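Given next are the chains, with one letter for each unit.
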Amino acid sequence: MRVWIVGLIFILGACGYKPIATFAENALGQGIFVRLVVNLPNPKNSVAFKDMLNRVIVQRFQNTLTSEQQADSIITIEITKVADTSISQNQEGFTTFYRATVYVDYTYDNKKGVVKKYSNSGYYNYAVSLQNPLTTYNNRFYAISQALDQTLTQFVSQIAYEGKLNK
């Protein structure tokens, strides 16, 4: 077992592997503050989105959340638009499935004076319940969360790329 672990460390170290946290630190620094611009039609999704980004910062970037005054970088997030598009109807013409497309702006400003803005989008399909509007509401909420997760994945990649360029 130890031989396997030592071999894995040797292989990953020898090929120049660096975790994404290394690149994120190059771009963002140590402490990060997340500023949320609430999307008024979808306030619950906005707050959940900030929580998702906070988890990404701690888990994937292996960084710390700080106050705005102590932060090396400030990331501002805003859900700019949520579009629901009908993608399927029943025989009577009622919509049975929608696609929720979410558009998000990410802006980060670090102490080095670098300001970058990324506009990302994601989508997810959800079912409509003609008998229970609460089910439709919950399905839409979940779809928006999944679409936001797609935009977060894009943002993580963009930060890693930015960190690799700015060593």
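Please read all numbers here as calculations on a predicted model, not as lab measurements. (Residues numbered from 1 in each chain as written. Predicted model: local features only at pLDDT ≥ 70, side-chain atom pairs only at ≥ 80, totals over all residues. Heavy atoms only, no water.)

Caption draft 1: Structural view of the overall build of the protein chain. The secondary structure content of the protein chain amounts to four helices and five strands. Moving toward the C terminus, one meets the helices and strands of the protein chain in the order α-α-β-α-β-β-β-β-α. By the compact-globule yardstick of 15 Å for 167 residues, the protein chain is too spread out, its C-alpha radius of gyration being 20 Å. Dimensions along the principal axes, computed over C-alpha positions, put the protein chain at roughly 60 × 45 × 25 Å. A sequence separation of at least 24 residues applies to 68% of the contacts in the protein chain between residues at least 6 apart. For the protein chain, the accessible area works out to roughly 10,000 Å², and carbon and sulfur atoms hold 56% of it. Charged side chains of the protein chain number 16 positive and 11 negative; the gap between the two group centres comes to 7 Å. (Helix = DSSP H or I, 4+ residues; strand = E, 2+ residues; numbered from the N terminus. Rg over C-alpha atoms; globule rule 2.2 N^0.38 Å. Contact = heavy atoms within 4.5 Å. Areas by Shrake-Rupley, 256 points an atom, 1.4 Å probe, with all protein chains shown as cover. Lys, Arg positive; Asp, Glu negative; His and termini not counted. Charge placed at Lys NZ, Arg CZ, Asp CG, Glu CD.)

Caption draft 2: Structural context of the nonpolar core. Membership of the largest hydrophobic core comes to 30 residues, with the highest contact counts inside it found for Leu 53, Ile 75 and Ile 159. Residue assignment for this core shows that the elements contributing at least two residues are helix 2 (20-28), strand 1 (31-37), helix 3 (43-59), strand 3 (73-89), strand 4 (95-110), strand 5 (115-127) and helix 4 (133-165). Broken down by element, the residue count for this core peaks at eight residues, all from helix 4. Every residue in contact with Leu 53, bar those within four places of it in the chain, is listed here: Val 34, Ile 75, Ile 77, Leu 152 and Phe 155. (Core = buried A, V, L, I, M, F, W, Y, C linked by side-chain atoms within 4.5 Å. Buried < 20%, exposed > 50% of the residue type's maximum accessible area, 1.4 Å probe, protein only.)

Caption draft 3: Spotlight on the sheet that holds strand 5. If you trace the five strands from one edge of the open sheet to the other, you get 2-1-3-4-5, paired in mixed fashion. Of all the strands in the sheet, the pair left with one neighbour each is strand 2 (64-65) and strand 5. Across six bridges, the pairing between strand 1 and strand 3 is parallel. Bridge pairing in strand 3 places Ile 32 opposite Ser 73. (Pairing = 2+ DSSP bridges.)

Caption draft 4: The arrangement of the environment of Val 58 in detail. Here Val 58 shows up in helix 3. Separated by 55 residues in the primary sequence, Val 58 and Gly 113 place their C-alpha atoms 23 Å from one another. When sequence neighbours within four positions are dropped, the list of residues in contact with Val 58 reads Asn 63 and Leu 65.

Caption draft 5: Region of the structure containing a nonpolar patch on the surface. Together, Met 1, Trp 4 and Ile 5 make up a nonpolar patch on the protein surface, roughly 410 Å² of accessible area in all. Accessibility expressed as a relative area gives 74% for Met 1, which makes it exposed. (Patch = residues over 30% accessible without salt bridge, like charges linked within 9 Å, V, L, I, M, F, W, Y side chains within 5 Å. Salt bridge = Lys/Arg side-chain N within 4 Å of Asp/Glu carboxyl O.)

Caption draft 6: Here's a closer look at helix 3. Between its terminal C-alpha atoms helix 3 stretches 24 Å, which fits the 24 Å expected from 17 residues at 1.5 Å a residue. Considered for burial, the residues of helix 3 that qualify are Asn 45, Ser 46, Phe 49, Met 52, Leu 53, Asn 54, Val 56 and Ile 57. Close packing links the buried residues of helix 3 with strand 1, strand 2, strand 3, strand 4 and helix 4. (Expected span 1.5 Å × (residues − 1).)

Caption draft 7: Expanded view of the pairing of strand 1. Strand direction decides the pairing type here: strand 1 and strand 2, joined by two bridges, are parallel. The partner of Ile 32 across the bridge, within strand 2, is Leu 65.

These figures come from the coordinates and say nothing about function on their own.
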